Structure formats: C-alpha cells, structure tokens
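# Inside the fold
In case you want the letters, here they are:
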Amino acid sequence: MFSATGFSHPNIALIKYWGNRDNRLRIPSNGSISMNLDGLYTRTQVWFDSQFDHDELFLEGHQVSGTAQNRVSALLDRVRDMAGLALYANIQSHNNFPTGTGIASSASAFAALTVAACCAARLELSQRDLSRLARTGSGSACRSIPGGFVEWQPGDDDETSYGFTIAPASHWELVDCIVIVSQDPKHTSSEDGHALAESSPLQNTRIADAPGRLDICRRAIKMRDFDALAKVVELDSNLMHAVVMTSNPPLLYWQPATLAVIQAVKEIRTQGTAVCYTIDAGPNVHVICPKENADYISAQLNQIHGVQKVLTAHPGGKARCIIDEDENIASK
Ligand code: PMV
C-alpha cells in the first residue's frame, strides 16, 4: 500500500516573496513571513501503484494535464528518487476555497502534495526537508508546511532555503477576513510574475529594504503589536504591487472592487478600529484584524459594491498526513 492523504492550509504573506534568485529551485530574492489560514484547506491523496503508466492528476475530480501536471510530476520525481520508488501515481486534490485567485492555493496544494507523497512513499523527512521539498513545487508552499506564523529564510541554495515557525497559531488571535471580489483564475500566474520582477526598476529597492521590514514584522508578531504590524504589512503589499505594476510588461492584479476595499479599510481605521489590508497575486483582499474586530469589519466589507463574499480564517496549524487504509482507495 503506497497511498496517503495530506492536509494543509494556505498562508497569507505578511511580508511578500516576489522574484527569485534561482527560478528553477525557487530560491527567493528576499525572505518572507506569513500566517497559515485555518478553516481553508487542501486535501490531497497520492496513490503510487503499478497499474499507472504515468502520473494522473485530478483537481476537484477533473483530470488536469499540461503545466500543472508537469509541476506535480517534477515534485513526485524528487520523492521517487529519494525513496527509490519506481511507481507512477494517481493524485486527487480538493480545495475548500477558490483556486488561483490570490488565496495561495498553490501554497496549500504543494504543501499537501509534499506531505502526502512522502507519507505514501514511506519517506520520513524532517519538517525542514519537507519545507525545502514543497518550495520546489511552489515557493510559498514552504511556508505552509510548518504551523502558525512562519518565516521563510531565503538562503543561498536548496539546503538553506526553507520555512520555520516563529510563533505558534495560538500565539495571537488575529483574523484574516478574505474579501472575494472575483473567483476567476488570474491572467498571469505568480510563477510568470516572479520571472518578471527583475524587469521593474523598483525591485532592487524593494529587496534591499526587505531585511528591515522582516525585522519589524517579526518583532510586531512576537510583541503582538498590531499597529506596527499593520504599517509594515501595508507597506510591503504596496511595494510588491508597485513592482508588479512597473515590470515589463506591466501587470495589474487589482480590480475596481479591490481598490474599494482598500479605501474602506483605511476609512474603518480612521474611525478607530484596528485593521490592515494585504493583497497577494490576485484581486482578492486579505483584511487582517484582531479577533474582536472581525465581525464588525466583515459586515462592513460585505456591503461594498463588487464584494461577492467574505471568508474568515484564524491562524492555522502545520501540514499533516495520514496513511490511507485499503478501503479509502477502493472508495475513491
Ligand atoms: O508561491 P508562489 O509562486 O505562488 O508565489 C506567491 C507570491 C505571493 O503570494 C504574491 C506572495 C507570497 O509571499 O506568498
């Protein structure tokens, strides 16, 4: 029996990863910090078996080929090499949230795939090595392997580039109100966006100042200092999108409702409620606040024209896996 199911949460980057020093190995140009998102998850089953003559990938029950399948097979090849396993796999993956819209679906997808594939192949890797492996599938996936608030140390090479917990999920009761303004897949993948980052005249400045922003963010999390966190999180998000908008060709992930949400967040803050926004590579906005403000803020955001719905997520735990029993395979 070579089958296992992995579970993992997406994460929201508080200090963003944008651009690689090594695109193939996904060694990032700067370090980053994120929070795992409880309540949102990817569940992936990997089943290695001699009946398959190639890897078969199914997302939400639909078979997928092309780039997505090649990225998955490349990660499985690394697992097969390490485990000395010569079997192809059937992979079934499900998300309980919209995919490809800036809710870090590739992070939880590759974190769940990594733990499931290693577990199915009976490879016992340390959390650090699981994080390194997940990174090769999607950079931000290395931050969905450990739990809670996670820092990705950029490193210089495959050995030294991985994510680790800087505070457990229970450390700070923050809420991410995820404002969905579109569920359409984005036009430019983050993989293509990373490759364009160097073409922006602003990227070097963004990278040069990243260690300072990481220090402020790390300290704000440790001290539970929301005001300090809010300032650096918005600055960092704006810097990433400034690079995105000034790359060649320029990209724009925002939609009109994205901007309406940003303005509403500023207005809510002006009225005295602690809150901040951050946006990944998509139009949806992550609005972060202390737990006691979440109901009020979600209700306000739901009223904005163009907002489809608001999901809420608390800090989440690490990726995990279970070895499947025979019956689970039979009932697939
Ligand atoms: O891991 P990728 O290639 O999907 O890149 C993620 C990029 C951002 O979500 C925009 C930022 C981040 O650090 O997660």
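Coordinates for the structure precede this section.
Residues numbered from 1 in each chain as written. Predicted model: local features only at pLDDT ≥ 70, side-chain atom pairs only at ≥ 80, totals over all residues. Heavy atoms only, no water.

This part takes up the site of the ligand. Close to the ligand lie 14 residues, the nearest being Tyr 17, Ser 140, Arg 143, Ser 190 and His 194. His 194 is positioned such that a nitrogen or oxygen atom in its side chain is 2.9 Å from an oxygen atom of the ligand. Asp 280 places a side-chain nitrogen or oxygen 3.4 Å from an oxygen atom of the ligand. Expressed as a share of its isolated accessible area of 380 Å², the protein-covered part of the ligand is 96%. Residues that form the shell around the ligand fall into these classes: 5 nonpolar, 6 polar and 3 charged. (Near = heavy atom within 4 Å. Polar contact = N/O pair within 3.5 Å; in protein donor to acceptor, adjacent residues only side chain to side chain. Areas by Shrake-Rupley, 256 points an atom, 1.4 Å probe, with all protein chains shown as cover. Nonpolar A, V, L, I, M, F, W, Y, C, P; charged D, E, K, R; others polar.)

Attention now moves to the state of the cysteines. Counted under the stated rule, the structure contains 1 disulfide. Two residues share a disulfide in this structure: Cys 119 and Cys 321, whose sulfurs sit 2.0 Å from each other. Of this pair, Cys 119 sits in helix 2 (residues 105–120) while Cys 321 sits in strand 16 (residues 320–323); the two residues are 202 residues apart in sequence, bridging distant segments of the chain. The exposure class of Cys 321 is partly exposed, given its relative accessible area of 26%. Cys 217 forms no disulfide, and the closest cysteine sulfur to it belongs to Cys 276, at a distance of 9.6 Å. Cys 276 takes part in no disulfide bond, and the closest cysteine sulfur, belonging to Cys 289, lies 8.6 Å away. Residue class for Cys 276 comes out buried when judged on its relative accessible area of 0%. (Disulfide = S-S within 2.5 Å. Helix = DSSP H or I, 4+ residues; strand = E, 2+ residues; numbered from the N terminus. Buried < 20%, exposed > 50% of the residue type's maximum accessible area, 1.4 Å probe, protein only.)

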